[in-house]
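Structural overview
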2 protein chains.
Amino acid sequence: MAVAFELRCRECGRSYGNAPLSICEDCFTPLEVFCDLEAARGEFTREKIAAGPTSMWRYKALLPVAEDFEPVTPAGWTPLLKAPNLGRRIGANNLYIKNDAVCLPTLSFKDRVVAVALASAKAFGFDTVGCSSTGNLANAVAAQAARMGLKTFILVPADLEAAKILNTQVYGANLVRIDGNYDHVNRLCSQIADRYHWGFVNVNLRPYYAEGSKSVGFEIAEQLGWRLPDNVVVPMAGGSLIRKIHKAFRELVALGLVEDKHVRFFGAQATGCSPIAAAVKAGRTEIEPQRPSTIARSLAIGNPADGRYAAALIQETGGYAEDVSDVELVSAIQELAETEGVFTETAGGVTTAVTARLYAHGRIHPDELTVTCITGNGLKTTDALQGSYELEQAVRPRLADFEAYVEEKKFQHELVLEGSYAR
Amino acid sequence: MAVAFELRCRECGRSYGNAPLSICEDCFTPLEVFCDLEAARGEFTREKIAAGPTSMWRYKALLPVAEDFEPVTPAGWTPLLKAPNLGRRIGANNLYIKNDAVCLPTLSFKDRVVAVALASAKAFGFDTVGCSSTGNLANAVAAQAARMGLKTFILVPADLEAAKILNTQVYGANLVRIDGNYDHVNRLCSQIADRYHWGFVNVNLRPYYAEGSKSVGFEIAEQLGWRLPDNVVVPMAGGSLIRKIHKAFRELVALGLVEDKHVRFFGAQATGCSPIAAAVKAGRTEIEPQRPSTIARSLAIGNPADGRYAAALIQETGGYAEDVSDVELVSAIQELAETEGVFTETAGGVTTAVTARLYAHGRIHPDELTVTCITGNGLKTTDALQGSYELEQAVRPRLADFEAYVEEKKFQHELVLEGSYAR
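This one's a predicted model, so the numbers in the text were calculated from it and none came from an experiment.

Observations regarding the overall build of chain A
Looking only at helices and strands, chain A features 15 helices and 13 strands. Its C-alpha atoms give chain A a radius of gyration of 22 Å, near enough to 22 Å, the size a compact globule of 423 residues would have. Taken along the three principal axes of its C-alpha coordinates, chain A extends 75 × 45 × 45 Å. Taking all 423 residues of chain A together, the buried fraction comes to 65%. By sequence separation, contacts in chain A at least 24 residues apart represent 69% of the contacts at least 6 residues apart. Of the side chains in chain A, 43 bear a positive and 50 a negative charge, and the two mean positions are spaced by 2 Å.

In structure tokens, the structure reads:
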């Protein structure tokens, strides 16, 4: 069983069937996948979902992929962690982390969108795929395309973090560094997709690609025991993820899988690239493009394709958007790791710092059930922590030297003196 | 429902109840956890397991943790991937990858053993824990202890990879670099554990810790549809993992969860530290310690605690052990990534290269169901790939420049000329 789906213009409603297209020819608005949920109502039950695979493919029937598509890569189904330790520090009594820092297979939520995009690439008969990327997407496309036997061209800004570049090359993808920022790279990809008829996951396959983000929302609801949270805090780059989580919640309500509930949506950006947050703070939906200047590269999209839709959603639901400095995001990376054992990349630092501020400013009530979305892994942006930790002098492997070192450092001194063992 | 368990000496059988001990006082043999499976037989069914959490805790009843222990960190339940692409390259028709490169929460199989060790640390009342580590273990202890609110001291060889050090410090652990190799560090930890009464997961908590590895075996059997494979290929450092996978299979047979079957066990080491492989090749079980010299640091244990037991198991089951050079392991990292989209660390390169050789030498029949165990993530040992990839000149963001670049590079030239789009 799968729902029927097709592309339509978000504004004028013109229908395009299913094709590798992303923009309405009439009004130049982004196209969106529309699913006919009627067929699934009553058919797609909690029990059937629970019996599915432990990956986002348990929701395959609600994603725009062919019914006979056989996924070869498990993706998604990441933990929803209760966060009492972080909560105590920031004044949150009912906080959860949706932890896509450990998303399969390449450790960011981009694995979800790529999984759906490559399914549609197969359906459209492309044998070469690609993307423009700030890093995580490149990793996800390279890995999943390798396993699916697709040829791959990936274009990235030349100044990308080394770990993200290596983590793309190792899968055998053709990686091309572009002398420009993400917006330059993205424009070039559009031209290449047209010229060579390649399937660029975030260009001509973008409407399908974006639907993969719905799986974050599906999983949150299921992992909360089939209910919706009061609030969701979501990082914003192009502005698509926050919209799709909202869409997922609406679909679950329409299917009768969760009770209806008003959910407020909050957006997080780095101050050095915060066009959507600026719009929300000014009470408008029009986006003024910015020239990105932040270490949170995976959020550094100065002219976000879905920016005005994200800004509108946040305001319509009574949420808010905030932005934090690079210094704040680095501290938040450390705080999240120290409290909950979750090591996230710069984008996750942004989301965590924004979440803390939303509580501090009283925009979220401490008792409300709030989910904060961590979207990538800290091992990919270790540069951000350079200088945060000293590499201590090595100690000789003798007990006396260890004791002298601990005494000198005075760390956790009371433990050393008193011991800590109690049966 | 949980099985009863206690420590016993592997050789003389002396019982020790449950305590933070690792060596028999009488004969200096490692202690082992013995589980009384009778209580679980018929009680612990496939259905109950399937209804459990999607983590290794679905097997909690078969692990040495208190019945009322509430895990706060999902760990394990990693994908078992069919590997047809790698299989074609190395002549394997029925090959699977157990992919602990994406093990939760810190991307190595060490998360499994730490999960059980910290549960026992809680049970014994320790409030400070630690380990000696070649890196992955440090990451796992630091992250899980942070979330459990335990204080942490971690001792590592001073020359450890930078990514593994940072990925420990970020969780707020006290990291102490020791001027020596792993065996030196390990000895020092024994002394510290005695002196301060701290819970060192791989020292005084070692018997409990090691049991966590059984979850790899449980998962393989369940993911194969409740059956055992013909062969398993396992990397060997201390020699514990391979034993525990065998133990897990035997427990499943004893519980009536899988049909009995003869499984052959194969071990993988780097040539620069191959004391167990050397013993197997010589047809003996005694281990001659080696001074490690390999980039596969996570396998670089020159005097493996469970070495002779691993060597005996391999020979008893009719398996074999192989070792590969550092050059071969780097190639194997690339081959695994290019074929199956799995980016592993140096240890996984060793296992993949050894697996290939076992097929090449006819030690494994192409049609036999074989599982190769990948135990860690490539993002932690990116140094190993330094120099493997050129960082190409950046290209200006214009179609003409892209075309000129592609022409010059001549990569995948036919695609460029003919296009690849077919509806």
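Now, onward.
A closer look at the nonpolar core
Membership of the largest hydrophobic core comes to 273 residues, with the highest contact counts inside it found for A:Ile154, A:Val350, B:Phe44, B:Ile154 and B:Val350. Aside from chain neighbours lying at most four places away, what touches A:Ile154 is A:Cys131, A:Ala138, A:Val141, A:Ala142, A:Thr168, A:Ala173, A:Asn174, A:Leu175 and A:Val176. Core analysis: the next-biggest nonpolar cluster, separate from the first, contains 18 residues, A:Tyr196, A:Phe200, A:Val203 and B:Val406 among them.

Re the sheet that holds strand S6 (residues 128-132) of chain B
Sheets are built from strands paired through backbone hydrogen bonds, the pairs being either parallel or antiparallel. All names here are of chain B. Strand order in this open sheet of 4 strands is S8-S7-S6-S9, and the pairing throughout is parallel. The sheet is open, and its two borders are formed by strand S8 (174-178) and strand S9 (199-200), each paired with just one other strand. Helix H6 (residues 182-196) contacts S6, strand S7 (151-157), S8 and S9 of the sheet and is inclined by roughly 150° relative to S7.

A word on the environment of A:Lys244
Residue and element names in this part refer to chain A. Checked against the element boundaries, Lys244 lands in helix H9 (residues 240-254). What makes Lys244 buried here is its relative accessible area of 2%. Sequence separation between Lys244 and Asp230 is 14 residues, and the spatial gap between their C-alpha atoms is 17 Å. Excluding residues that lie within four positions of it along the chain, Lys244 makes contacts with Glu32, Ala210, Glu211, Ser213 and Lys214.

A word on the packing of aromatic side chains
Each pair of aromatic rings is reported with the distance of its centres and the angle of its planes. Per the stated rule, a full pass over the model turns up 21 aromatic pairs over all chains. Taking the centre distance of 6.1 Å and the plane angle of 45° together, the rings of B:Phe249 and B:Phe265 count as tilted. Placement of the pair is B:Phe249 in helix H9 (residues 240-254) and B:Phe265 in strand S11 (residues 264-270), with a sequence separation of 16 residues. Accessibility assignment for this pair places B:Phe249 and B:Phe265 in one class, buried. Through a chain of ring-to-ring contacts, the aromatic side chains of A:Phe153, A:Tyr196, A:Trp198, A:Phe200 and B:Phe402 assemble into a single cluster. We note A:Arg363 situated over the ring of A:Tyr320; from NZ or CZ to the ring centre the distance is 3.4 Å.

Regarding the relation of the copies chain A and chain B
Each of the two chain copies goes to the other by way of a rotation about an axis and a shift along it. Of the transformation superimposing chain A on chain B, the axial component is 0.0 Å and the angular component is 180°, with the fit at an RMSD of 0.0 Å. In the structure described here, the two chain copies are related by an operation that fits a two-fold rotation axis. Closest to the rotation axis within chain A is the C-alpha of A:Leu379, separated from it by 3.3 Å. Here 99% of the contact residues of chain A are again contact residues in chain B; the copies associate through an equivalent surface.

What to know about the UniProt feature "modified residue: N6-(pyridoxal phosphate)lysine" (unreviewed entry) in chain A
Residues and elements named next belong to chain A. According to UniProt, the "modified residue: N6-(pyridoxal phosphate)lysine" (unreviewed entry) feature falls on Lys110. Here Lys110 is to be found in helix H3 (residues 110-124). Exposure remark for Lys110: the relative accessible area of 21% places this residue in the partly exposed category. Dropping the residues within four chain positions of it, Lys110 is found in contact with Asn136, Leu137, Ala140 and Tyr209.

Brief notes about the sheet that holds strand S12 (residues 321-324) of chain A
Residues and elements named next belong to chain A. With mixed pairing, 6 strands are arranged side by side in an open sheet as S4-S5-S13-S10-S11-S12. The strands lining the two open edges of the sheet, one partner per strand, are strand S4 (80-82) and S12. Between one strand axis and the next, the sheet turns by 25° as a mean value, whatever way the strands run. Bridge count for strand S10 (residues 231-235) against strand S13 (residues 370-374) is 3 bridges, and the pairing is parallel. Residue pairing in the sheet places Val233 in a bridge with Thr372 of S13. Running over the sheet, H9 touches S10, strand S11 (264-270) and S13 and is turned about 160° from S11. Along the sheet, helix H13 (residues 346-360) makes contact with strand S5 (95-99), S10, S11, S12 and S13, crossing S12 at roughly 120°.

Side note on the interface of chain A and chain B
At the junction of the two partners, chain A supplies 88 residues and chain B supplies 89 residues. Scanning the region where chain A abuts chain B turns up 4 salt bridges. A:Glu340 is the salt-bridge partner of B:Arg147, the closest N and O atoms lying 2.5 Å from each other. The tally of links from chain A across to chain B stands at 16 residue pairs in polar contact (both at pLDDT 80 or more). The residue inventory of the side of chain A that touches chain B, partitioned by class, reads 50 nonpolar, 22 polar and 16 charged.

Description of the side chain of B:Ser215
All names here are of chain B. Looking at the element boundaries, Ser215 is found in helix H8 (residues 214-223). One polar contact links Ser215 to Arg112, side chain to side chain, over a distance of 2.9 Å. Leaving out residues up to four positions away in the same chain, Ser215 has contacts with Met56 and Arg112.

Some points on the UniProt feature "domain: Tryptophan synthase beta chain-like PALP" (unreviewed entry) in chain A
Following the UniProt record, the feature "domain: Tryptophan synthase beta chain-like PALP" (unreviewed entry) maps to residues 75-376 of chain A here. Summarising residues 75-376 of chain A: 45% helix, 16% strand, and an end-to-end C-alpha distance of 14 Å.

Reading the values: rules and limits
Residues numbered from 1 in each chain as written. Chains lettered and ligands numbered in written order. Predicted model: local features only at pLDDT ≥ 70, side-chain atom pairs only at ≥ 80, totals over all residues. Heavy atoms only, no water. Helix = DSSP H or I, 4+ residues; strand = E, 2+ residues; numbered from the N terminus. Rg over C-alpha atoms; globule rule 2.2 N^0.38 Å. Buried < 20%, exposed > 50% of the residue type's maximum accessible area, 1.4 Å probe, protein only. Contact = heavy atoms within 4.5 Å. Lys, Arg positive; Asp, Glu negative; His and termini not counted. Charge placed at Lys NZ, Arg CZ, Asp CG, Glu CD. Core = buried A, V, L, I, M, F, W, Y, C linked by side-chain atoms within 4.5 Å. Pairing = 2+ DSSP bridges. Axes fitted to C-alpha atoms, helices over the stretch in contact; angles between N-to-C directions. Phe/Tyr/Trp six-rings, centres within 6.5 Å; stacked < 30°, edge-to-face > 60°. Lys NZ or Arg CZ within 6 Å of the ring centre and 35° of its normal. Least-squares fit on C-alpha atoms with pLDDT ≥ 70 in both. UniProt positions renumbered as here; feature names shortened; annotations may be inferred. Salt bridge = Lys/Arg side-chain N within 4 Å of Asp/Glu carboxyl O. Polar contact = N/O pair within 3.5 Å; in protein donor to acceptor, adjacent residues only side chain to side chain. Nonpolar A, V, L, I, M, F, W, Y, C, P; charged D, E, K, R; others polar.

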